[in-house]
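Here's the letter readout for the chains.
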Amino acid sequence: MALSVREYRARIRSTESMKKITRAMELIAASRIIKAQQRAQAAAPYARELTRAVSAVATFSNVDHALTTEPENPKKAAVLIVTSDRGLAGAYSSSVLKEAERLLEKLRSEGKEADLYVSGRKGEAYFKFRNRPVVQAWTGFSDQPTYDVAHDIGETLIQAFLNDDETPVEPGVAPGVDEVHVVYTRFRSMLVQEPTAVRLLPLEVVEGEEPPEESELLPLYEFEPSPADVLDSLLPRYVQSRIFFAHLQAAASELAARQKAMKSATDNADELIKKYTRIANQARQAGITQEISEIVGGVNALADANAGQD
């Protein structure tokens, strides 16, 4: 029984050490999520107004632009999947990868091939393990994304969209695609993070709506020098801002998921410590009871032996 007690005490010590680690990670995630949430909220108005401006120009200017023109027979799509660089975040990465798989299955059912672009080591490892090619991957910034990375990703996807998919691919040049999709996790609240798939390109222009009155439109937007030039300038920034906003949302979601996962791990460690402590106490009491029984039995046996000699 003494050996069993020592084993349980060793398990208690190791669980207490693990609890300190998970508690520290929970506090770190909690301290970072506020800043990540504030960054996402601060970027939302810019992304919303830029989307509104691009939609207004594309809808009411009657300009055919390469980034807004629907292809007649789309055959290939680029899919950017935003995952995390590190684990210990519960089902965060697996949820967004499941959403990506649903999107890929939908594209296949429509007769479209998919080129994979991945942000985050978890997504890169997922497709590498399954021997599925990834055109390009970006890693090392999932919980603290920067606009420079979003700019790089946006340029790569725009280049892929503008390239002719019939042209042979040269080294360093993204293969041509007809559509661009992004799969990321949208931050709803500290308790709810929603995997989401959106189409970035071509820009979906709203059809069938009456254009606003000139008095309503002109104070908001003036197309100078021309709507085509405005689109040339706005659309790349629109794509990059949407990608940056998606990464900010994903970062806040990742930290929220990690905080929740680490809190659950800390609570489970508390339960294990209580369980092992109770079992160790029971084992120690059983050992003491057995020792007392052996002593009493020895005393009785000695008394009987002395009585027999007398």
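Residues numbered from 1 in each chain as written. Predicted model: local features only at pLDDT ≥ 70, side-chain atom pairs only at ≥ 80, totals over all residues. Heavy atoms only, no water.

Novice: For this particular structure, what's the right way to read the overall build of the chain?
Specialist: Counting its secondary structure elements, the chain contains six helices and five strands. For the chain, the sequential pattern of α-helices and β-strands runs α-β-α-β-α-β-α-β-β-α-α. In the chain, the share of contacts with a sequence separation of at least 24, taken over all contacts with a separation of at least 6, comes to 76%. Summing over all exposed atoms, the chain offers an accessible surface of approximately 17,700 Å²; the carbon and sulfur share of this is 52%. (Helix = DSSP H or I, 4+ residues; strand = E, 2+ residues; numbered from the N terminus. Contact = heavy atoms within 4.5 Å. Areas by Shrake-Rupley, 256 points an atom, 1.4 Å probe, with all protein chains shown as cover.)

Novice: Honestly, helix α2 (residues 92–109) in this entry has me stumped. Any pointers?
Specialist: An α-helical segment advances 3.6 residues per turn. Residues three or four places apart therefore align on the same side. Counted at 1.5 Å a residue, the expected span for α2 with its 18 residues is 26 Å, and the 26 Å between its end C-alpha atoms agrees. For α2, the complete set of buried residues consists of Y92, S93, V96, L97, E99, A100, L103, L104 and L107. The buried residues of α2 occupy an angular sector of 160° when projected down its axis, which confines them to one face. Exposed and oriented more than 90 degrees from the buried face of α2 are K98, R102 and S109. (Expected span 1.5 Å × (residues − 1). Buried < 20%, exposed > 50% of the residue type's maximum accessible area, 1.4 Å probe, protein only. Arc of directions from axis to C-beta.)

Novice: Sorry if this is basic, but what is going on with the environment of T277 here?
Specialist: Relative to the helices and strands, T277 resides in helix α6 (residues 227–309). Linking T277 and R11, residues 266 residues apart in sequence, is a C-alpha distance of 9.5 Å.

Novice: Please explain the packing of α2 against helix α3 (residues 121–129) as it appears in this structure.
Specialist: Between two packed helices, both the angle of their axes relative to each other and the distance between the axes serve to describe the pair. α3 packs onto α2 with a crossing angle of 55° between their chain directions and a minimal axis gap of 10 Å. Here α2 lies oblique to α3, going by the angle between them. At the point where α2 passes α3, the crossing takes the right-handed sense. Two secondary-structure elements touch here, α2 through S93, L97 and E101 and α3 through K122, G123, Y126 and F127. Class assignment for the residues of the contact of α2 with α3 results in three nonpolar, two polar and two charged. (Axes fitted to C-alpha atoms, helices over the stretch in contact; angles between N-to-C directions. Parallel < 35°, antiparallel > 145°, perpendicular 65-115°, else oblique. Left-handed = near helix turned anticlockwise from the far one by under 90°. Nonpolar A, V, L, I, M, F, W, Y, C, P; charged D, E, K, R; others polar.)

Novice: When you look at the packing of aromatic side chains in this model, what are you seeing that I'm missing?
Specialist: Any two aromatic rings considered together are summarised by their centre-to-centre distance and by the angle between their planes. Under the definition given, this model contains four aromatic pairs. Their ring planes at 20° and their centres at 6.3 Å tell us that Y117 and W138 sit as a pair that is stacked. Of this pair, Y117 sits in strand β2 (residues 113–119) while W138 sits in strand β3 (residues 136–138), and the two are 21 residues apart along the sequence. In this structure W138 comes out as buried when scored by relative accessible area, which is 8%. The interplanar angle of 80° and the centroid separation of 5.4 Å between the aromatic rings of Y147 and F244 together place this pair among those described as edge-to-face. With Y147 in helix α4 (residues 147–162) and F244 in helix α6, this residue pair connects regions lying 97 residues apart in the sequence. Relative accessible area serves as the criterion here: at 15%, F244 is assigned to the buried category. (Phe/Tyr/Trp six-rings, centres within 6.5 Å; stacked < 30°, edge-to-face > 60°.)

Novice: Just to check I follow, could you spell out the pairing of strand β4 (residues 179–187) for this structure?
Specialist: Of all nine residues in β4, eight are buried; the element is thus mostly enclosed. As paired strands, strand β1 (residues 76–82) and β4 are joined by five bridges and run parallel to one another. For I81, the partnering residue across the bridge sits in β4 and is V183. The sheet contact formed by β4 and strand β5 (residues 193–201) spans eight bridges and is antiparallel. Along β5, the bridge assignment pairs F187 with Q193. Here β4 folds back onto β5, and the loop between the two strands holds five residues. (Pairing = 2+ DSSP bridges.)

Novice: Quick question: what am I supposed to make of the sheet that holds β1 here?
Specialist: Strand pairing in a sheet takes place through backbone hydrogen bonds and is either antiparallel or parallel in direction. Taken together, five strands build an open sheet; the order of strands is β3-β2-β1-β4-β5 and the sheet is mixed. Of all strands in the sheet, those bounded by a partner on one side alone are β3 and β5. For this sheet, the mean inter-axis angle between neighbouring strands, taken without regard to orientation, is 25°. Where α2 meets the sheet, it contacts β1, β2, β4 and β5, and its direction lies at approximately 150° from that of β4. Sitting on the sheet, α3 is in contact with β1, β2 and β3, with an inclination near 140° to β2.

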